[in-house]
Amino acid sequence: MIHLIYPSDEDIVKDTELQNVFNEVVDFGFRGYENGADFPREVSTREGVVEYLTAVIVNISVFHTAVNFQTFTSYTFPPSVPTCLTLPPPTQDQEITMDLILKCLPVLEITFISMNISFNLGQFS
């Protein structure tokens with residue numbers, strides 16, 4: 001597809017909007033990373049565009065799948081990952097008892113809602 005839009009590497013270099021996209025990925029996407037996580041600020045070949053766009057698309061789609069499609073597996077035991085607490089977290093010196101832990105957990109209705117949300121997020125479309 002890139003070869004259809006850009007007949008030569010020279011067209012890649014001349015496309016200021018494309019070059020700006022690469023700059024913005026480094027400036028905003030990799031802010032705080034040394035050397036922009038080695039992502040290029042500019043690209044000068046069609047093969048370079050294909051390589052980096054492929055990397056971005058694969059990482060976004062694979063990461064999204066890995067994070068979202070396992071939510072129900074993670075949240076099937078709500079005490080392990082409560083969506084909210086009904087009491088403030090204990091202080092460092094406070095004795096933590098089973099009674100305190102049980103009082104902190106959300107009510108059944110909230111737990112049911114969180115399980116429903118995680119189940120629906122984890123469904124393949």
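Cut-off values and rules
Residues numbered from 1 in each chain as written. Predicted model: local features only at pLDDT ≥ 70, side-chain atom pairs only at ≥ 80, totals over all residues. Heavy atoms only, no water. Helix = DSSP H or I, 4+ residues; strand = E, 2+ residues; numbered from the N terminus. Rg over C-alpha atoms; globule rule 2.2 N^0.38 Å. Buried < 20%, exposed > 50% of the residue type's maximum accessible area, 1.4 Å probe, protein only. Contact = heavy atoms within 4.5 Å. Lys, Arg positive; Asp, Glu negative; His and termini not counted. Charge placed at Lys NZ, Arg CZ, Asp CG, Glu CD. Patch = residues over 30% accessible without salt bridge, like charges linked within 9 Å, V, L, I, M, F, W, Y side chains within 5 Å. Areas by Shrake-Rupley, 256 points an atom, 1.4 Å probe, with all protein chains shown as cover. Salt bridge = Lys/Arg side-chain N within 4 Å of Asp/Glu carboxyl O. Phe/Tyr/Trp six-rings, centres within 6.5 Å; stacked < 30°, edge-to-face > 60°. Polar contact = N/O pair within 3.5 Å; in protein donor to acceptor, adjacent residues only side chain to side chain. Expected span 1.5 Å × (residues − 1). Core = buried A, V, L, I, M, F, W, Y, C linked by side-chain atoms within 4.5 Å.

Can you break down the overall build of the chain residue by residue, with the values?
On a plain count of helices and strands, the chain comes out with 7 helices and 0 strands. Its helices and strands in sequence order give the chain the pattern α-α-α-α-α-α-α, from N to C terminus. On C-alpha atoms alone, the chain measures out to a radius of gyration of 24 Å, which is more than a quarter above the 14 Å that the 2.2 N^0.38 rule sets for 125 residues. Seen through its principal axes, the chain has C-alpha atoms that stretch 70 × 40 × 15 Å. Residues classed as buried in the chain amount to 20% of the 125 residues present. Here the analysis covers contacts within the chain between residues at least 6 apart in sequence; of these, 51% occur between residues at least 24 apart. Across the chain, the 5 positively charged side chains and the 16 negatively charged ones have centroids separated by 3 Å.

Quick one: what's the story with a nonpolar patch on the surface, residue by residue and with numbers?
Together, V107, I110, F112, I113, I117 and L121 make up a nonpolar patch on the protein surface, roughly 560 Å² of accessible area in all. Inspection of the secondary structure puts L121 in helix α7 (residues 108–121). Look at L121 and you get partly exposed, because its relative accessible area is 47%.

A description of the packing of aromatic side chains should follow, citing residues and the corresponding values.
Counting across every chain of the model gives 5 aromatic pairs. In textbook terms, an aromatic cluster arises when at least three aromatic residues are bridged by ring pairs, as seen for F22, F30, Y33, F39 and Y52.

Give a description of the side chain of Q19 that names residues and reports values.
When you line up the elements, Q19 lands in helix α3 (residues 16–29). Note on Q19: relative accessible area 12%, which makes it buried. At 2.9 Å, the side chain of Q19 forms a polar contact with the backbone oxygen of I12. Ignoring any residue separated from it by four or fewer positions in sequence, one finds Q19 in contact with I12, V13, R41, E42 and V43.

Explain α7 to me, and be specific about the residues and the numbers.
For an α-helix the count is 3.6 residues per turn, leaving residues at separations of three or four pointing the same way. The first and last C-alpha atoms of α7 sit 20 Å apart over 14 residues, in line with the 20 Å expected at 1.5 Å per residue. In this fold, the buried residues of α7 make contact with α5 (71–75).

Please provide a residue-by-residue account of the nonpolar core, values included.
Core analysis: the largest hydrophobic core is formed by 9 residues, namely I2, Y6, I12, L18, F22, V26, F39, V43 and V49. Here this core gets 3 residues from one element, more than from any other, and that element is α3. Among residues more than four places away in sequence, those in contact with V43 are I12, L18, Q19, F22, G48 and V49.

Geometric values such as these leave the question of function open.
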